[in-house]
Amino acid sequence: MSTQYTNILTSRPEPGVALITLNRPKALNALSSLLLNELSQALKEFDRDPQVGAIVVTGSEKVFAAGVDIKELTNIQYADMIKGHWLGKDWPDLTRIQKPIIAAVSGFAIGGGCELAMMCDIILASPTAKFGQPEIELGVIPGGGATQRLTHAIGKSRAMEIILTGRHFSAEEAEKWGLISRVVGDGEGVVVKDAVEMAKTIASKGQISVQAAKETVNAAYELSLAEGLRLERRLFHGLFATQDQKEGMAAFTEKRKAVFTHL
Ligand code: HXC
């Protein structure tokens, strides 16, 4: 039986697909300790589950997430943070998930909400999506990765503008700047439907090669070109030890659809 959560909803809308819906509507899905804890638990649970090939994270029509819960940060002290006694403690855990995660964003993805979306592997957005890093208004700077991930994604000048002015930017800008994969069609639930469809496609592939692909693409953000190419080459070699490679290539030759066993 799957775990019961209070600040998120979980479901399996299609074979191979897990859906996590952030669900604190009154606080605009502000990322509280409890919500982050549940999100991290659910992601780990789905990462371990052999029936799941890809995960979609979404919010509501109005909001993906309006950042971390400011009410939990207001009176926190530097010493507490250094000692890890604050809600950001487990934040890096979210990047340790091996399966692909798609963010389906409608409405506000602000502060930690935007950073959470950027920690996912693919971002799809509805035309209503609004992104932003308004921490400067709070007398701080982004703390969940935006100074690095946003800059890598959209370039220094735009990242500086967004982080120093705190202004929101639209789904259209996010698409034009390369932050997101694409803006999907208008209408309630369309972005989640499209993300689930994409996750279903990914889940139908061999999971070992999918995870290797995720690892190598992410390495492009951390390693030098030479190191990244070496990692890619080694993982490419390694995939020839899998049954999925034998099946995938045999299926091509025999002009049939591959049946991957993830072995
Ligand atoms: C706690 C929040 C919240 C947040 C909204 N609420 N954002 N509570 N933390 N981040 C609450 C409001 O207090 C209010 O509660 C209710 O949600 C509705 O919000 P409104 O402001 O009335 O809604 P609206 O006018 O539609 O404006 C939406 C908004 C605005 C533009 C998204 O709420 C906003 O700017 N929120 C703060 C965004 C922000 O600064 N995020 C960065 C946080 S710092 P009540 O009880 O009054 O109804 C951060 C650092 C990350 O994320 C570090 C990671 C490790």
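Residues numbered from 1 in each chain as written. Predicted model: local features only at pLDDT ≥ 70, side-chain atom pairs only at ≥ 80, totals over all residues. Heavy atoms only, no water.

**Focus: empty space enclosed by the protein**
Consideration 1: Tallying each qualifying case throughout the model produces one cavity of 30 Å³ or more.
Consideration 2: Surrounding the largest cavity, Leu39, Leu43, Val57, Leu94, Ile101, Leu116, Met119 and Cys120 form its lining.
Consideration 3: Where the lining of the largest cavity is concerned, the elements lending two or more residues are helix H1 (33-48) and helix H4 (112-119).
Consideration 4: Each residue belonging to the lining of the largest cavity can be placed in one class, and the counts come to eight nonpolar, no polar and no charged. (1 Å grid on protein atoms, 1.4 Å probe; cavity = no way out; pocket = protein on both sides within 12 Å on 5 of 7 lines; lining within 4 Å. Points joined across faces, edges and corners; volume = space filled by probe spheres on them. Helix = DSSP H or I, 4+ residues; strand = E, 2+ residues; numbered from the N terminus. Nonpolar A, V, L, I, M, F, W, Y, C, P; charged D, E, K, R; others polar.)

**Topic: the side chain of Thr58**
Consideration 1: Here Thr58 lies in strand S3 (residues 54-58).
Consideration 2: Classification of Thr58 by relative accessible area gives buried; the value is 4%. (Buried < 20%, exposed > 50% of the residue type's maximum accessible area, 1.4 Å probe, protein only.)

**Topic: the environment of Phe252**
Consideration 1: In this fold, Phe252 is placed in helix H11 (residues 243-253).
Consideration 2: With relative accessibility at 70%, the residue Phe252 sits in the exposed group.
Consideration 3: Spatially, the C-alpha atom of Phe252 lies 32 Å from that of Ile180, the residues being 72 residues apart in sequence.

**Some thoughts on the layout of surface pockets**
Consideration 1: The space that makes up the largest pocket amounts to roughly 1,100 Å³.
Consideration 2: Those elements that place two or more of their residues in the lining of the largest pocket are H4, strand S7 (122-125), helix H5 (146-154), helix H9 (207-219) and helix H10 (225-238).
Consideration 3: Tallying contributions element by element places H9 first for the lining of the largest pocket, with ten residues.
Consideration 4: Grouping the amino acids of the lining of the largest pocket by side-chain chemistry returns 23 nonpolar, eight polar and six charged.
Consideration 5: When residues are assigned to domains, the lining of the largest pocket turns out to be shared by domain 1 (8-204) and domain 2 (207-254), each giving three or more.
Consideration 6: In this structure, the second largest pocket occupies an estimated 530 Å³ of space. (Domains from an automatic or database assignment.)

**Examining the sheet that holds strand S1 (residues 8-14)**
Consideration 1: Taken in spatial order, the six strands make up an open sheet running S1-S2-S3-S5-S7-S10, and their pairing is mixed. This sheet does not close on itself; its edge strands, each paired only once, are S1 and strand S10 (182-183).
Consideration 2: As judged from the four bridges shared by strand S5 (residues 101-105) and S7, these two strands associate in the parallel manner. By the bridge assignment for S7, Ala103 is matched with Ile123.
Consideration 3: Across the sheet, helix H8 (residues 190-203) is in contact with S1, strand S2 (17-22), S3, S5, S7 and S10; its angle to S5 comes to roughly 170°. (Pairing = 2+ DSSP bridges. Contact = heavy atoms within 4.5 Å. Axes fitted to C-alpha atoms, helices over the stretch in contact; angles between N-to-C directions.)

**Some thoughts on the site of the ligand**
Consideration 1: Around the ligand, the surrounding shell holds 24 residues, and the nearest of these are Ala66, Val68, Ile70, Lys71 and Gly112.
Consideration 2: Within the backbone of Ile70, a nitrogen or oxygen atom sits 2.9 Å from a nitrogen atom of the ligand.
Consideration 3: Contacts to the ligand include Gly112, whose backbone N or O atom sits 2.8 Å from an oxygen atom.
Consideration 4: In the complex, 65% of the free accessible area of the ligand, which totals 1,000 Å², lies under the protein chains.
Consideration 5: Going through the elements one at a time, helix H2 (70-73), strand S6 (108-110) and H4 are the ones with two or more residues in the shell around the ligand.
Consideration 6: Its residues assigned to classes, the shell around the ligand comprises twelve nonpolar, six polar and six charged. (Near = heavy atom within 4 Å. Polar contact = N/O pair within 3.5 Å; in protein donor to acceptor, adjacent residues only side chain to side chain. Areas by Shrake-Rupley, 256 points an atom, 1.4 Å probe, with all protein chains shown as cover.)

**Section: the confidence of the model for the chain**
Consideration 1: Of the residues in the chain, 99% reach a pLDDT of 70 or more, and the chain-wide mean stands at 96.
Consideration 2: As a predicted assembly, this complex carries a pTM of 0.96 together with an ipTM value of 0.97. (pLDDT = per-residue confidence, 0-100.)

**Some words on the domain arrangement of the chain**
Consideration 1: Considered domain by domain, the chain is made up of domain 1 (8-204) and domain 2 (207-254).
Consideration 2: The C-alpha-based centres of domain 1 and domain 2 are spaced at 27 Å.
Consideration 3: The interface is formed by eleven residues belonging to domain 1 together with six residues belonging to domain 2.
Consideration 4: Of the roughly 720 Å² buried at the junction of domain 1 and domain 2 (both faces included), carbon and sulfur atoms supply 48%.
Consideration 5: The largest share of the area that domain 1 buries against domain 2 comes from Gln98, Asp121 and His152, three residues that together contribute 48% of it. (Buried area = accessible area lost by both parts, 1.4 Å probe.)

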